[in-house]
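# Architecture and fold: a report
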Amino acid sequence: MAVVAPLYWLWTWTGQVGDIGYDAVDYLLMAQHLSPYLGHGAVIDQAAALSRFPPLYPLILAWFGAAGPDLHRAHLVTTAFLLLALPAWYAWLRRQQLAPAQSALMVLAFAAAPGTWFTGLNLHSEYPYLLWSILALLFLERYRSEGRDENLYAAALFVVCAALTRTVGAVLFVPLIMAALRGPRRSGMLALMMAAAPLLVWHLLHRPSDGYDTALFTYYGMDSLRIFRTQLSTELPALCSAFAENLTTSLALYPMVYVIGAVCTACGAWRTVRLRTDGVYLAAYFSVLLIWPYPNVASRLVWAVLPVLLAQPLLALAEMRREIPKARYLATCTAAFAGVVLLSALPAIAQTAERYRMADDDDFPAARGLEGWYAADPRHAVHRVFSQLMFVQALQQIPDFVPESDCVIAVRTDLVNYYAQRRSVYPPLNSTQDPNFMETMRATGCHYVFMYNAADGRFPVPLHPMQRLAGHFRMLIYDNLPDPASGEATSRVICMLVRLD
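Okay, so let's go over this structure. (Residues numbered from 1 in each chain as written. Predicted model: local features only at pLDDT ≥ 70, side-chain atom pairs only at ≥ 80, totals over all residues. Heavy atoms only, no water.)

## Focus: unusual backbone geometry
Here the bond from H464 into P465 is cis, since omega is 10°, no more than 30 degrees from zero. Within the secondary structure, P465 sits in the loop between β3 (448-452) and β4 (473-482). In the Ramachandran plot, L275 falls in the positive-phi region, its phi being about 60° despite a non-glycine side chain. The residue L275 is located in the loop between α14 (254-273) and α15 (277-291) in this model. A positive phi angle, close to 60°, is found at L463, a residue other than glycine. Mapping L463 onto the fold places it in the loop between β3 and β4. For L463, a relative accessible area of 15% puts it in the buried group. (Helix = DSSP H or I, 4+ residues; strand = E, 2+ residues; numbered from the N terminus. Buried < 20%, exposed > 50% of the residue type's maximum accessible area, 1.4 Å probe, protein only.)

So, in structure tokens, the structure goes:
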């Protein structure tokens, strides 16, 4: 920790949102709404009320005064969760009968993995989720080996913390229920009530406009079986790639990393069959990921269980051989396994260190906190950084054109709410037929449309809905990506703001 902590504080000390393509601004909007230190208007209140994200992470940001506008404190608070999760994982490994040196080596290998430190550039809930989930597994293991009801109650507390940090944390109820059934009925019922009650209260009081249940129903529709087969053909390769991306940035090392993943999966399956707590947790977690229709975020989702997954071969080996924890074979296997993980991370560490220094050489310190700056291709990195900075600048100009009484149609309503402080609504899907498309647009009551050159599963056409406006607008903001060499505008449009006629 003496080595890792200072490096992580330095790495994550930034005032940037690491990547606007993710969920950071949603958490920040909720944090601003919940903050006792900041004033906020109706736009923030509405965005928080309709958010589908759980409340604990933004609530913690709000309590610590880390809701903004300076994001350094938000990164400070978020990184603190990782620096608490690492010793918690160490304690869990020790509880699993690994020796101190073996446990410390595994913690160091995980901290060196690219997925771990790239996660720190984004204001996401993965770090706090990792802490809560590891603590839940730790106390479930203590309950299995020692009994004592307070271990079960502590596990229940951390299970609900995980579920209120990330919705997928609800899968921790599976090992919690198993533990509750093994003990006295009264203690088990009380623990389950402790875990379930806050979660039920939150879901009864908070009704998001577009929840995960709605997203799943919309995706699978009526032909669920056919879509599920298609989903598996997409999600399985995405999960394999996500595992590799978290351990290395070198394509040449992917075959070796895939072997590591196969061994971890096989050992995890073996421990699941034996009803080990961590194995059951992994099985439940990946069952959810297989049906989750967002392969573009697979890397983030896999990282949240990466330490538990990486530990599976060592735990299985120790259990199968039934030898003392300090046996030479286990120490040798741990050193070899951790060494391979560290070796996989070395290309990413070298490349990132060079790009980190380049931000100073190019007099561009703001790029350090942007995930896109560390893309393998330098030209692609420059493109991503300029695109994001120009995009944010355009969003911040929106209040100069849009009065507070009006609103903006945009495919990323959260970004308009956060950066422009204006109410925003979604445009109709591109599948909407004419003339209903423009009628639906005007029915929103908004006179402005913000568009940007990106696409996702719901809105697959870049600059949507520009292709459907048919000239019925007046251009207000029009930003092109400049050529890095000449500084002149290119034909690549970043974003635009128009007023409907």
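So that's the structure; there's more coming.
## A short note on the state of the cysteines
The full count for this structure, using the stated rule, is 1 disulfide. In this structure C240 is not part of a disulfide, and its nearest cysteine sulfur, from C264, lies 12 Å away. Note on C495: no disulfide assigned, nearest cysteine sulfur contributed by C446 at a separation of 18 Å. (Disulfide = S-S within 2.5 Å.)

## Topic: the pattern of salt bridges
It is possible for side chains of opposite charge to pair when their charged atoms get near one another. Scanning the entire structure with this criterion turns up 15 salt bridges. R384 is the partner of D19 in a salt bridge, and the nearest nitrogen-oxygen pair spans 2.9 Å. Here D19 is found in the loop between α1 (4-12) and α2 (24-34), whereas its partner R384 is found in helix α19 (residues 378-397), with 365 residues between them in sequence. Of the residues examined, D19 reaches a relative accessible area of 11% and is grouped as buried. Residue class for R384 comes out partly exposed when judged on its relative accessible area of 31%. Several salt bridges share partner residues, and in doing so they unite R95, R142, E146, R148 and E150 into one network. (Salt bridge = Lys/Arg side-chain N within 4 Å of Asp/Glu carboxyl O.)

## With respect to the packing of aromatic side chains
Think of a pair of aromatic rings as described by two things: how far the centres are apart, and how the planes are tilted against each other in angle. Summed over the entire model, instances satisfying the criterion amount to 22 aromatic pairs. For the pair Y254 and Y258, a centre-to-centre distance of 5.7 Å together with 80° between the ring planes defines the contact as edge-to-face. Of this pair, Y254 and Y258 both sit in helix α14, 4 residues apart, which is roughly one turn of that helix. Members of the aromatic cluster, joined through ring pairs, are W11, W117, F118, Y356 and Y374. One cation-aromatic arrangement involves R300 over Y22; the distance from NZ or CZ to the ring centre is 5.3 Å. Above the face of the Y356 ring, R368 is positioned so that its terminal group lies 4.2 Å from the ring centre. (Phe/Tyr/Trp six-rings, centres within 6.5 Å; stacked < 30°, edge-to-face > 60°. Lys NZ or Arg CZ within 6 Å of the ring centre and 35° of its normal.)

## Notes on helix α6 (residues 100-112)
An ideal rise of 1.5 Å per residue puts 18 Å on 13 residues; α6 measures up with 18 Å between its terminal C-alpha atoms. Buried within α6 we find Q102, S103, M106, V107, A109, F110, A111 and A112. (Expected span 1.5 Å × (residues − 1).)

## Side note on the nonpolar core
Of all hydrophobic cores here, the largest spans 146 residues; its most connected members are W92, W132, Y285 and F450. The biggest single contributor to this core is helix α8 (residues 126-146), with 13 residues. Once residues within four sequence positions are removed from consideration, W92 is found in contact with I134, L137, L138, D278, V308, A311 and L315. With 14 residues, the next largest nonpolar core counts C407, V449, L469 and M496 among its residues. (Core = buried A, V, L, I, M, F, W, Y, C linked by side-chain atoms within 4.5 Å. Contact = heavy atoms within 4.5 Å.)

## Focus on the side chain of H75
Here H75 shows up in helix α5 (residues 72-95). Look at H75 and you get buried, because its relative accessible area is 1%. Among residues more than four places away in sequence, those in contact with H75 are T12, T14, Q16, G120, L121, N122 and L123.

## Regarding the environment of A262
With respect to the element layout, A262 can be found in helix α14. Relative accessible area serves as the criterion here: at 47%, A262 is assigned to the partly exposed category. On a C-alpha basis, the gap between A262 and L216 in space is 29 Å, while along the polypeptide they are 46 residues apart.

## Quick word on the packing of helix α10 (residues 173-182) against α15
Between α10 and α15, whose axes approach to 8 Å, the crossing angle comes to 140°. Residues V174, P175 and M178 of α10 lie in contact with α15, whose contacting residues are T277, V280, Y281 and A284. Per-class residue counts for the contact of α10 with α15 are 6 nonpolar, 1 polar and no charged. (Axes fitted to C-alpha atoms, helices over the stretch in contact; angles between N-to-C directions. Nonpolar A, V, L, I, M, F, W, Y, C, P; charged D, E, K, R; others polar.)

## Examining α15
Its 15 residues give α15 an end-to-end C-alpha distance of 22 Å, which sits within 8% of 21 Å, the value for a rise of 1.5 Å per residue. Within α15, burial applies to T277, D278, G279, V280, Y281, L282, A284, Y285 and L289.

## Points about the pairing of β3
Buried residues dominate β3, accounting for 5 of its 5 residues. One ladder, built from 2 bridges, connects strand β1 (residues 407-409) with β3; its direction is parallel. In the strand pairing of β3, I409 is matched with V449. (Pairing = 2+ DSSP bridges.)

## Overview of a nonpolar patch on the surface
A contiguous nonpolar patch, built from L200, V201, L204 and L205 and spanning about 450 Å² of accessible area, is present on the exposed surface. Along the chain, L200 falls in helix α11 (residues 185-205). (Patch = residues over 30% accessible without salt bridge, like charges linked within 9 Å, V, L, I, M, F, W, Y side chains within 5 Å. Areas by Shrake-Rupley, 256 points an atom, 1.4 Å probe, with all protein chains shown as cover.)

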